[in-house]
Amino acid sequence: MKLSGWGNFPVHDVAMQTPRVVDEVVSSVHAQDMIARGNGRAYGDSALNTHATVNMCGLNRFIAFDADTGVLTAEAGVILGDVIAAMLPRGWFPWVTPGTKFVTLGGMVAADVHGKNHHGFGSFRHCVEWFDLCDAKGDVRRCSRTQNADLFDWTFGAMGLTGVILRVALRLRPVETGWIRQRTIAASDLGAVMALFETHAAATYSVAWIDCLATGKDLGRSLLMLGEHASAYETPARLRAKTATMRQKRRLRVPALLPGGLLNRLTVRAFNAAYYRWGAHNAGSRIVDWDSYFYPLDAILGWNRIYGRKGFTQFQCVLPETSAHDGLEKILKQTALAGMGSFLAVLKRLGPQDGPFSFPMEGFTLALDFPVSPATTRLIKKLEAITLEHHGRFYLAKDSHMSAETLRASDDRIADFTAMRDQLASTAVFRSEQSKRLKI
Amino acid sequence: MTKGPVLILGARSDIARAVAHRFAAMGHPIQLAARNATTLAQDKVDIELRYDVPVTLHECDALDPASYSACVDGLPDLPEIVCCAIGYMGTQAENERDVPMAQTVLRSNFEGPASILSIFANLFEERGFGTIIGISSVAGERGRATNYVYGSAKAGFTAFLSGLRNRLAGKGVHVITVLPGFVATQMTQGMDLPARLTAQPEEVATAIANAVRRKRNVVYVRPIWQLIMLIIRSIPEAIFKKLKI
Ligand SMILES: Cc1cc2nc3c(=O)[nH]c(=O)nc-3n(C[C@H](O)[C@H](O)[C@H](O)COP(=O)(O)OP(=O)(O)OC[C@H]3O[C@@H](n4cnc5c(N)ncnc54)[C@H](O)[C@@H]3O)c2cc1C
Ligand SMILES: NC(=O)c1ccc[n+]([C@@H]2O[C@H](COP(=O)([O-])OP(=O)(O)OC[C@H]3O[C@@H](n4cnc5c(N)ncnc54)[C@H](OP(=O)(O)O)[C@@H]3O)[C@@H](O)[C@H]2O)c1
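Residues numbered from 1 in each chain as written. Chains lettered and ligands numbered in written order. Predicted model: local features only at pLDDT ≥ 70, side-chain atom pairs only at ≥ 80, totals over all residues. Heavy atoms only, no water.

(A) Main features of the sheet that holds strand 5 (residues 130-135) of chain B. Residue and element names in this part refer to chain B. Spatially, 3-2-1-4-5-6-9 is the arrangement adopted by the seven strands of the open sheet, whose pairing is parallel. With partners counted over all chains shown, the strands left at the sheet margins are strand 3 (55-59) and strand 9 (218-221), one partner each. Between one strand axis and the next, the sheet turns through 20 degrees on average, direction left out of account. Relative to strand 9, strand 6 (residues 173-180) runs parallel, the two being bridged by four bridges. (Pairing = 2+ DSSP bridges. Helix = DSSP H or I, 4+ residues; strand = E, 2+ residues; numbered from the N terminus. Axes fitted to C-alpha atoms, helices over the stretch in contact; angles between N-to-C directions.)

(B) Spotlight on the packing of helix 6 (residues 190-199) of chain A against helix 10 (residues 321-337) of chain A. Residues and elements named next belong to chain A. Helix 10 packs onto helix 6 with a crossing angle of 145 degrees between their chain directions and a minimal axis gap of 11 Å. Where helix 6 crosses over helix 10, the handedness of that crossing is right-handed. Of the residues in helix 10, those in contact with L190, G191, M194 and E198 of helix 6 are E321, A324, H325, L328, E329 and L332. By residue class, the composition of the contact of helix 6 with helix 10 is five nonpolar, two polar and three charged. (Left-handed = near helix turned anticlockwise from the far one by under 90°. Contact = heavy atoms within 4.5 Å. Nonpolar A, V, L, I, M, F, W, Y, C, P; charged D, E, K, R; others polar.)

(C) Spotlight on the packing of aromatic side chains. Tallying each qualifying case throughout the model produces 25 aromatic pairs over all chains. On the basis of an interplanar angle of 85 degrees and a centroid distance of 5.0 Å, the ring pair of F182 of chain B and W225 of chain B is categorised as edge-to-face. In this pair, F182 of chain B is assigned in strand 7 (residues 182-183) and W225 of chain B in helix 8 (residues 224-234), connecting sequence segments 43 residues apart. F182 of chain B sits in the partly exposed class, given a relative accessible area of 30%. Members of the aromatic cluster, joined through ring pairs, are F93, Y205, W290, Y293, F294 and Y295 of chain A. Here R127 of chain B stacks its cationic end above the ring of F129 of chain B, 4.0 Å away from the centre of that ring. Over the ring of F240 of chain B we find R142 of chain B, and its NZ or CZ is 3.8 Å from the ring centre. (Phe/Tyr/Trp six-rings, centres within 6.5 Å; stacked < 30°, edge-to-face > 60°. Buried < 20%, exposed > 50% of the residue type's maximum accessible area, 1.4 Å probe, protein only. Lys NZ or Arg CZ within 6 Å of the ring centre and 35° of its normal.)

(D) Representation of the pairing of strand 12 (residues 179-187) of chain A within the structure. All names here are of chain A. Two strands pair when backbone bridges link them, and strand 12 and strand 16 (residues 284-289) are joined in this way by six bridges, in the antiparallel orientation. Bridge pairing links W179 to D289 in strand 16. Strand direction decides the pairing type here: strand 12 and strand 14 (residues 222-229), joined by eight bridges, are antiparallel. Bridge pairing in strand 14 places A187 opposite S222.

(E) Here's a closer look at helix 11 (residues 374-389) of chain A. All names here are of chain A. Between the first and last C-alpha of helix 11 there are 23 Å, a value that for 16 residues agrees with the 22 Å anticipated at 1.5 Å per step. Residues of helix 11 that are buried: T376, L379, I380, L383, E384, I386 and T387. The buried residues of helix 11 occupy an angular sector of 160 degrees when the element is viewed end-on, so they sit on one face. Of the exposed residues in helix 11, the ones pointing more than 90 degrees away from its buried face are P374, R378 and E389. (Expected span 1.5 Å × (residues − 1). Arc of directions from axis to C-beta.)

(F) Quick peek at the site of ligand 2. Residues and elements named next belong to chain B. With respect to spatial proximity, 26 residues lie near ligand 2, and among them R12, S13, A62, Y150 and T185 are the closest. One of the side-chain N or O atoms of R35 is found 2.9 Å from an oxygen atom in ligand 2. The backbone of I86 places a nitrogen or oxygen atom 3.0 Å from an oxygen atom of ligand 2. Of all elements in the fold, only helix 1 (14-25), helix 6 (148-168) and strand 7 reach the threshold of two or more residues within the shell around ligand 2. (Near = heavy atom within 4 Å. Polar contact = N/O pair within 3.5 Å; in protein donor to acceptor, adjacent residues only side chain to side chain.)

(G) Representation of the interface of chain A and chain B in the model. Every contact between the two is made by 16 residues of chain A and, on the other side, 14 residues of chain B. Carbon and sulfur atoms make up 38% of the surface buried where chain A meets chain B, a total of about 1,200 Å² over both sides. The largest per-residue losses of area from chain A upon contact with chain B belong to R20, R61 and F62 of chain A, which jointly make up 48% of the total buried on that side. The interface formed by chain A and chain B contains three salt bridges. Taking the shortest distance from any N to any O, the salt bridge between R20 of chain A and D14 of chain B comes out at 2.2 Å. Summed over the shared surface of chain A and chain B, the number is nine residue pairs in polar contact (both at pLDDT 80 or more). At four residues, strand 6 (residues 62-66) of chain A tops the list of elements feeding residues into the side of chain A that touches chain B. Partitioning the side of chain A that touches chain B into residue classes produces seven nonpolar, four polar and five charged. (Buried area = accessible area lost by both parts, 1.4 Å probe. Salt bridge = Lys/Arg side-chain N within 4 Å of Asp/Glu carboxyl O.)

What follows is the structure in structure tokens.
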């Protein structure tokens, strides 16, 4: 069947199987040359293998919950949104969440996802107690900080290339309500927003949306959004009662693949400018529900279709603190110059490096969406070069364009990673279209 | 108000699982019946953890009438709602040549489900309320060369449900016939189904939950199928017999 990642690019004809129980996964590993797939929210080809793509969404059972420690054990195909739906009414929330709740626990481990609290808490690995992994020999191994500790470490960020994650034990965070105290601060340019991140380093959550078509003295103008879990005391009584019973909101659905031209320079520019003005006008504090705060895009199901049939890609890099300002300025200028603004331009302060192969490092990460086109390919090449000059690296969960050479130039951990893969005999067994392209 | 239990027959099916989750999320206790029911132990834990409702497991084989009464007697309570997802398609080529195989298909989709639901129909009638949901198929709307063994069994089941509804109307017991088109499940795994016409199991569950609430009689999953079947039914037999569909 034809399959792609969230960006609808690239599309591959893959053989997909959907196991319903762990034993079926273990026997599929003997088939060799395969990759696990979660809910397909990685943008590119991380979760595609033409030979065998193992859809883990059929392995989606909750296994146990310890109300004393807040540790939930579940199969790897469980969707994060289902965890929230079941556990928030009991006073628990994930410690780390990406910008969509439609990801699986296995996918969160494989990409070692970071959330808006990375600067304080670190990546997903910090709330995982252990996981079970099916290795290249078809053996199921329990991995934790004390058991198979190396495999535990390497699997975070390895994008499925160490084996198939079967079960995950995940520590949840106690919360009093499902409400977030959000504070929005307008920043007039790049320097201002970077300084604001430092000023508000103690905030639990922080993320900035950048108007990536602003130029000149407005370059990098942004809205910084800070967030704190609201205590019961801080939450107005009429809202407090709603938390437990909060129903899924009505969602919009983008109907079918739209013609690609809908998002052009004009519409994107108009949207960005209006959004900035609206945000600056409404700057200040308010209480918002967890869903609107963490997952604004989830309200529009299938929003990836607005980019049309050719699909889109996300460019996401991280630059170390010292060279970040310079590098980000060049990236934003280059993007504005190409007239290729993206609706989603997100800037985030990251904390220290998390593990031997995870994406985050101390510095700033920027994510930009572009429709797939020859012009985008050219722009991405330029943005990659700027990133390399400034000692940055790229997020594999978003990538669909990078070359094996660029990856190696950006990340000196590749040799160790491939050596580890060889040692585990997993190089020929766990492969994705991405790993083939990147030669890892 | 405490909600009544929902019994799911053929509980390992993907559609059945989605239906169980949907009713559990509304607070109904769940009774899962299947052959080799012990293998559903993980699903029981899953539903109990997610929705905080009691779940029980029950052995029931549609091909073994002797298992019916043990299944019914083992239920902690007579359910408020029973939903039958039992079904078996086989392959048409095999069903044409292999008589025992064709019989298994006929019995799994018609005889078995109809017999079990008869038991609940009588118990519900006696009690004075209840809802019976049968998952049949659009394949039963007209026999086609590519699928008529399965289709004819579903046609029988659809007719059975319609008769049951007629009999129990006015007795407080409501009967719902569910007619899915394509659904992405184990049954259709590996088939190249058109995405626009193919529902996810969760959509079937939603359609069923809505049908219970609104007391609908016959529901198609994805409305387009109602139109498609209207057209397919209205093609004159002289033409239809020559078509390859
Ligand atoms: C709107 C949106 C916002 C996002 N925001 C963020 C963000 O803020 N921070 C962030 O870090 N990421 C973010 N992402 C990326 C996303 O979190 C990751 O791509 C995540 O891995 C997707 O999970 P998935 O279950 O959909 O996995 P898939 O996309 O299906 O797979 C992703 C990778 O995980 C591997 N994998 C999946 N399941 C398993 C398993 N059981 N065993 C082994 N390997 C497995 C696959 O092989 C593949 O390499 C965002 C994505 C979207 C669409
Ligand atoms: N998928 C579709 O496109 C589609 C379309 C229209 C209608 N339907 C109908 O929807 C219902 C659910 O099917 P599904 O798509 O979810 O497929 P499925 O996963 O194959 O479900 C069928 C279930 O029926 C059970 N079953 C078969 N024979 C049985 C027997 N003798 N006794 C007890 N249980 C038996 C199977 O149990 P075991 O696991 O023990 O074999 C299986 O769990 C079926 O009635 C099917 O005909 C499906």
